[in-house]
Amino acid sequence: MSAGLAAALLCWLSGCGSALWRYSTHSPDYRIFSTRSAIIIQYEGTAFSEWSVPATCTIQNKSSPTTELRCFIPGTQVIKPIVTGPEEEEARYLLVEHSHICFLWYYTVTNNLENLTQTLTIWVYDPEHSNADELQWSADTPSEKSIVLTKVLSALGQQPTIHTLLKRRVYSPADIQNEGTWTVEIPMTSDDVLKEIKGNRVDFQDCFIANLPFLLMAPLRTIPEDPGFLPLTSPAGTPLMTVWSTCRFSLVVVVASMETFQTNDSFHTWTRVRVPPGVLSDVERHSVTDVILLTQEIVFLIKGSLYLRTLQEFTRLQSNEGLPRDGIRGIETRTWCASMYVFKVSGRFCHSVILAWTEHEIYLGYSSFKFVKLITTAELKSILGLPSHDTLTIQHLGYTLHPAEFAVLVQHCVSCTAGTKVYLMTYNEHSARWASQDFALEIPVDTVLRSRFLYSAMPDLVMWDRNKVYYCYQNFTVTGIMQATTGEEDLSLLAGGSNIYDVFVDYFGNIIVLMENNVMFYSKINVRDAIKLHAWTSEGVESSFALSASSKVYLVTVSEDGTVRPQEYPLKLEVQSVTSRTEDQCPYMAFHNNIFQLFYFLDKGEGFTVWSQIIYPENAGVDIVVESYGPKILKMQKVTHYEIAQGYCTKTITITFSQDTNYESIQDYFKVQEKNSGLVLVQLRASEYSKTCPVAQKVFQIAVGCDSHKYIAVGGFSKTECQHRDFSYIIDKSYLRQQPPKDLKVRYDWGKFGCPLRLDFREKFQPLIQLFDENGYVKDVDVNFIVWEVHGRDDYSFNTTMLQSGCLNEAQTWELMVARNPHLPLEEVWGPENYRPCFSYAIGTPGDLNQPYEIINISNYNHLYWPNDHTGMYVFRVKILDPNYSFCNLSAIFAVETYGVIPRPNIYLVVSLLFVLVLVFLSILVFSYFYYLGIYRQFIYEPLHKPVGKQKKS
C-alpha cells in the first residue's frame, strides 16, 4: 500500500474528511439539558439529507440542517444526521435527564466607585421563554415574562442571597422592586471574587432555580483601542494563542494571525490590542510567538525579546529591567490562582509572577516588571551531577500549584547526535532550594517539549511534543505516554496528520488535547488513556479553549473577517456521548466532602477537621486516598466509618489537622518556629476513577505560620472620643527607667496612639486584649501578656505579687530581663522567645516572691495601679508573651491618662514664699521701728507746746 493510500485510509478512519454537526440549548453553559428544554441541532456541510432521531423525541423539520427537537422521555438519545454518499456521519448519544431545574438567575452589576461597592440587580428568567438579550446575557432590564415570573416566585417566598465562596460571607437583598428585581449591595473585593447566587427552596409549576456560580471583581479597564495604531499578530498559519488572568477568568487575551483581541467579560464585549507605529517593524508586528496576561498588563514575546503593553504605553523590556536584549525562548505565568496565600503572607515573601528563559539562563520576573537572573545551565549541571562538558539546555518552565514553586525541564545530551534525556527540577522561592525529581524521559534530539502542571496537590503534569502527550501522576510514581483507545500513542495519526497545538487543563481535572486542525482528545487527571471527541469546529477555523467567569469551558473562535465568537462547549455531554459506547464506567456513585474553602490558615494551637465520603457498589473496593505535598509539619488523625446497605458501601473518612509542638522553654525558639511553619497542599481522591467520574479530586491548601492580617488591639479605646490633635508633654526624669540627667519632652502622636483612656489615679486597670483579622473581631485573648511604657516610664506598678500568683520560683521582671539583655532595645528584651514560667521548681531560682508579678492574664486579676502623688500620660505597648499562642509577634499600643491627684506643694516654692514673707515682715518691722523712732525722738527733743515768748516794750 502506498503512503498516500495509507494516509487516505487513516484519514477516513479518523473521520477527518467528514463534515460536523453541533447542538445547543437556550440555557447558557448547558446548565439545563432536560426533557423540558429544546435542543437546537445544526449540520455544517453540503451532503445533508435528514435527521435520524429516536421515536421518543419530536423534531420540527427533520429535513432542515438547522432545526429544533424535544425529547420528553429521559435517557440516552441517539441523534445522527443522514447524508448522501457512502460515508456516514457520527452519531451522538445525548443524555437527556428529567430535572426539576427549569429557571435561572440573571444579574447586572453597577459599580459605585464613590463608596467602593457594587450593586447587583437580580431577577429570574426561564430560558425556554425569554428574549434574545437575556439568552445572550446582554439585557439591562428583565423582559415582561421574566418580570411576571420573578414577582410570582417572590410572592411564594423566593429571595436570592449572594454567597462568597472564599470568605463565606452572605449578602441579602432589599425587598423586591416594582420592576420585578432584587438589588443587593456588596463591597468591591480583590480577594473574595468567587460568588454564588442561591435561592430558597421554592418551586413554581414543579420547577426550581439553578444556583449561579460566578466571578465578580472590581471593574478593570481594557487597553484602549487607539486610532492609527497598527495590528499585532502571530505568524501566518499559526493557531490561536489564548491566555486568561489567573484569578480573573473573564479577562482574556487572544492573539490571532490578523489581530490581538482582549476582553474583561469573557468576550461578551471585546476590543483590539494594537501598537503605535514606528515601535516595531512590519515583520516584528507579525511575529508574536508567546503572550501572558497579568491583570491589566500584557507581555508579548517577539523575536526573542519581551514587550510590555500597558494601558498607557508599549515598551520593550531589556537590560534596564534585568533581561538580555534577545535570545528569550519562552515566557510563562501562573496557571492556578494563589491570591489567598499571597494575600495572607503579604510582606513576608516576594513571589515571582513571570518565568522567562533563554537556552541557558532562567529569569524571574516580579510585579514591578523587574527581572533577576536566577541560574544558568552550568550551575544546573552541578546540581544534577552532570559533567561540565555535556550539553544541557532549557526546554520549558512552568509554575506548579504550590504558590512558591516552579519546575524546569532541561534536556541533556553528550554528543547530541542520537537521543537525549529530559530531567525535571523544581525550585522553591521561599527556601531558595532546587530539587531534582525522580523523572527522566528519553526523546529525540530535535523534539521540543512543553509542559503544564495540573490542578493537583502533588506536582502532577502533562508534557507534549508535536505528536505525543506524556503524563506524570502521583508525585512521579506513575509516568508514561498517553494512549488512545486503540492503543496508539501518536495522536497525530488519529487526527489526519495534524500536530498537537495545545493542552487545556482546568480546576476539575479535565485534560483536552487540541490539535491544529481542531480535532480534540479528552482525558482526566490520573487517567492514562485518551478518547477522541466528536468534531465541534471546522478545520479552517482558528479556535482555542478558555475558562468563563463561572469556571466553565468555552471555545473562542476567530473568523476570517476578524470577528471573535465565544461558544459554550458542553464538555460533560460530549464525554458522556463518546464513552456511552465503551465500558468506561465510574467505579463509584458519589464523592462528597465538606471542604468549602481552597485555603486554610493554621496558627499555634489551632486545628480543623474535614470529612469525605464515597459511595460505591459493594465489593468494588474503592478507597479514599489522602495525599499531602510540602513540609511534614502537620499531624493528621484519620477515622474511617463504613456502612453497607442495599448493595452499596458508604465509606466516610474524618481527618483532623493539627500541630503538637510545645514552644515553651525551648532554646532556639525562632528556628523551631520556622521549621514548623510552611505551606502544605492536601488532596483527597478516590483510589480508582475513570474519565466519566464527575469529580476527580478535592485539593486545598493549609498554611501554617503567621497570618499577616492578624493583629491585636486593646478593648475600650477609640479614635473618635477625643480632640484629634498632637501635643507635647514633659516626663520628669525621676519617673524614667534609666534615670537620665534631665526631663524628657514627648510628642503625643494622635494618629499612632489614638485617644488616651482617662482614669482616676485610684482606679486599677487591666487591658482587655482582643484578636482581629481581616474580617474583624475574632475573640478575647486569654493568654499571658506583658506591658511596658514606650517612653521609659516606670512610675507604675502591679497589684499582685509573685507569691499571690502562685509562683514557686522568682518570676521574670522587666528589671531582670533588661539586666540580662542590656544590648537589646526595650521592646526586644522580653518576649515569647525567652519566656520562662515561675510555676515549677525546675525552672528558675528561689528569690523574693513578694515582688510585683509583672505578667498579666485575663483571669489572674493582675492590674496596673498608678502613683498617688502625681498624674501623668502613659503610652503602653502590649505584647503576647505565651510562646504557644501564635507564630505572629502580636503587639498593640494604647495610652492612659491619670487624673484626680491633688498636687503636692513645691518645697522650694514654699521656702521662697516664706522667705519673702519673712523678709517683708522684717522690712515692715524695721521700717516701723525707724518711723516710730523718729516720732519718739521728735517728742523728746522738741517740747510738745512752745512757751509763749516775752513781748517787747514799745
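Residues numbered from 1 in each chain as written. Predicted model: local features only at pLDDT ≥ 70, side-chain atom pairs only at ≥ 80, totals over all residues. Heavy atoms only, no water.

## A short note on the overall build of the chain
No. 1: Helices and strands together make up the secondary structure of the chain, namely 11 helices and 64 strands.
No. 2: By the compact-globule yardstick of 30 Å for 954 residues, the chain is too spread out, its C-alpha radius of gyration being 40 Å.
No. 3: In the chain, which comprises 954 residues, the proportion classed as buried is 50%.
No. 4: A sequence separation of at least 24 residues applies to 62% of the contacts in the chain between residues at least 6 apart. (Helix = DSSP H or I, 4+ residues; strand = E, 2+ residues; numbered from the N terminus. Rg over C-alpha atoms; globule rule 2.2 N^0.38 Å. Buried < 20%, exposed > 50% of the residue type's maximum accessible area, 1.4 Å probe, protein only. Contact = heavy atoms within 4.5 Å.)

## Regarding the sheet that holds strand β11 (residues 170–171)
No. 1: Across the sheet, 4 strands lie side by side as β11-β10-β13-β15; this open sheet has antiparallel pairing. The open sheet has two free edges, formed respectively by β11 and β15 (212–215), since each of these has just one partner strand.
No. 2: Both strand β10 (residues 161–164) and strand β13 (residues 194–198) contribute to a ladder of 4 bridges, which runs antiparallel. Looking at the pairing, threonine 161 lines up with lysine 198 of β13. (Pairing = 2+ DSSP bridges.)

## Some details on the pairing of strand β44 (residues 553–558)
No. 1: Within β44, 6 of the 6 residues are buried, leaving the element largely enclosed by the surrounding structure.
No. 2: Burial of the side chains of β44 extends over both faces: Val553, Leu555 and Thr557 are buried on one face and Tyr554, Val556 and Val558 on the other.
No. 3: Inspection of the sheet shows strand β43 (residues 542–547) paired to β44 by 6 bridges, in the antiparallel sense. Paired with leucine 547 across the bridge in β44 is valine 553.
No. 4: Hairpin connection between β43 and β44: a loop of 5 residues separates the two successive antiparallel strands, and serine 551 in this loop has a positive phi of roughly 65°.
No. 5: In this antiparallel pair of consecutive strands, β44 and strand β45 (residues 564–568), the connection spans 5 residues, and glycine 562 shows a positive phi of 85°.

## A word on the pattern of salt bridges
No. 1: The full count for this structure, using the stated rule, is 25 salt bridges.
No. 2: Linking lysine 80 and glutamate 88 is a salt bridge whose minimum nitrogen-to-oxygen distance equals 2.9 Å.
No. 3: For lysine 80, a relative accessible area of 23% translates into the label partly exposed.
No. 4: Here glutamate 88 falls in the exposed class, since its relative accessible area comes to 62%.
No. 5: Measuring nitrogen to oxygen at the nearest pair gives 3.8 Å for the salt bridge that ties glutamate 429 to arginine 334. A residue pair is termed long-range when its members are at least 10 positions apart, and glutamate 429 in the loop between β32 (419–428) and β33 (433–444) and arginine 334 in the loop between β26 (330–332) and α5 (339–344) qualify at 95 residues. Neither glutamate 429 nor arginine 334 differs from the other in exposure class; each is buried.
No. 6: If you follow the salt bridges from partner to partner, you end up with Glu225, Glu259, Arg272 and Arg274 in one network. (Salt bridge = Lys/Arg side-chain N within 4 Å of Asp/Glu carboxyl O.)

## Digging into the sheet that holds strand β49 (residues 624–629)
No. 1: The 4 strands lie next to each other as β47-β53-β52-β49, forming an open sheet whose pairing is mixed. Taken across any chain shown, the strands that pair with only one partner, and hence form the sheet edges, are β47 (599–602) and β49. Ignoring strand direction, the axes of neighbouring strands in this sheet form an average angle of 25°.
No. 2: Taken together, the 6 bridges between β49 and strand β52 (residues 678–686) define a ladder with antiparallel strand orientation. Bridge pairing links glutamate 627 to glutamine 683 in β52. (Axes fitted to C-alpha atoms, helices over the stretch in contact; angles between N-to-C directions.)

## Topic: the packing of aromatic side chains
No. 1: One pass over the structure, following the stated rule, counts 57 aromatic pairs.
No. 2: For the ring pair tyrosine 663 and tyrosine 669, a centre distance of 6.3 Å and an interplane angle of 75° mean the geometry is edge-to-face. We note that tyrosine 663, like tyrosine 669, is buried.
No. 3: Members of the aromatic cluster, connected to one another through ring pairs, are Trp21, Tyr23, Tyr30, Phe33, Tyr43, Phe48, Trp51, Trp244, Phe504, Trp536, Phe545 and Tyr569.
No. 4: Just above the ring of tryptophan 21 sits the side chain of arginine 92; from NZ or CZ to the centre is 4.6 Å.
No. 5: Sitting over the face of the ring of tyrosine 874, arginine 793 holds its NZ or CZ atom 4.3 Å from the ring centroid. (Phe/Tyr/Trp six-rings, centres within 6.5 Å; stacked < 30°, edge-to-face > 60°. Lys NZ or Arg CZ within 6 Å of the ring centre and 35° of its normal.)

## Overview of the pairing of β10
No. 1: Here 2 bridges tie β10 to β11, and the two strands are oriented antiparallel to one another. Within the sheet, the bridge partner assigned to isoleucine 162 lies in β11 and is tyrosine 171.
No. 2: Between the antiparallel neighbours β10 and β11 lie 5 residues, among them arginine 168 with a positive phi of about 60°.

## Observations concerning helix α7 (residues 571–579)
It helps to recall that an α-helix has 3.6 residues per turn; residues three or four apart then point in one direction.
No. 1: In terms of burial, α7 is largely enclosed, as 7 of its 9 residues are buried.
No. 2: Of the residues making up α7, those classed as buried are Leu571, Leu573, Glu574, Val575, Ser577, Val578 and Thr579.

## What about the state of the cysteines?
No. 1: In the structure shown here, the tally under the stated rule is 8 disulfides.
No. 2: In this model cysteine 586 forms its disulfide with cysteine 693; the gap between the sulfur atoms is 2.1 Å. Between cysteine 586 and cysteine 693, the S-S torsion sits near 105°, and that sign places the bridge as right-handed. Remark: cysteine 693 occurs in the loop between β52 and β53 (697–704) and cysteine 586 occurs in the loop between α7 and β46 (590–593); sequence separation between them is 107 residues. Here cysteine 586 and cysteine 693 have matching classes, each one buried.
No. 3: Take cysteine 649: it sits in no disulfide, and the sulfur closest to it among the cysteines is that of cysteine 586, at 15 Å.
No. 4: On the accessibility criterion, cysteine 649 (6% relative accessible area) is buried. (Disulfide = S-S within 2.5 Å.)

## Some details on the nonpolar core
Soluble, globular proteins show a tendency: their nonpolar side chains are buried together.
No. 1: Counting 184 residues, the largest nonpolar core has Tyr23, Phe300 and Tyr588 as the members making the most contacts within it.
No. 2: Sort the elements by how many residues they give to this core and β52 lands first, with 6 residues.
No. 3: Those residues within four positions of tyrosine 23 in sequence are excluded, and the remaining contacts are Tyr30, Phe33, Ile39, Ile40, Ile41, Arg92, Leu94, Trp536, Pro570, Leu573 and Glu574.
No. 4: Grouped together as the second largest cluster of nonpolar side chains are 21 residues, Leu120, Tyr171, Ile186 and Cys207 included. (Core = buried A, V, L, I, M, F, W, Y, C linked by side-chain atoms within 4.5 Å.)

## Brief notes about the confidence of the model for the chain
No. 1: For the chain, mean pLDDT is 89; residues scoring 70 or higher make up 96% of the total.
No. 2: In the model, residues 1–17 has pLDDT below 50 throughout and makes 12 contacts with residues more than four positions away in sequence or in other chains.
No. 3: Confidence drops under pLDDT 50 across residues 950–954; counting only partners more than four residues distant or on other chains, this segment forms 0 contacts. (pLDDT = per-residue confidence, 0-100.)

## Regarding a nonpolar patch on the surface
No. 1: Residues Ile907, Tyr908, Val910, Val911, Leu913, Leu914 and Leu917 make up a contiguous nonpolar surface patch of roughly 710 Å² in combined accessible area.
No. 2: With respect to the element layout, isoleucine 907 can be found in helix α11 (residues 907–941).
No. 3: Its relative accessible area of 54% is what places isoleucine 907 among the exposed residues. (Patch = residues over 30% accessible without salt bridge, like charges linked within 9 Å, V, L, I, M, F, W, Y side chains within 5 Å. Areas by Shrake-Rupley, 256 points an atom, 1.4 Å probe, with all protein chains shown as cover.)

## Examining the side chain of threonine 260
No. 1: Residue placement: threonine 260 occurs in strand β19 (residues 260–263).
No. 2: Residue class for threonine 260 comes out buried when judged on its relative accessible area of 0%.
No. 3: From its side chain, threonine 260 meets the backbone oxygen of leucine 232 in a polar contact 2.5 Å long. (Polar contact = N/O pair within 3.5 Å; in protein donor to acceptor, adjacent residues only side chain to side chain.)

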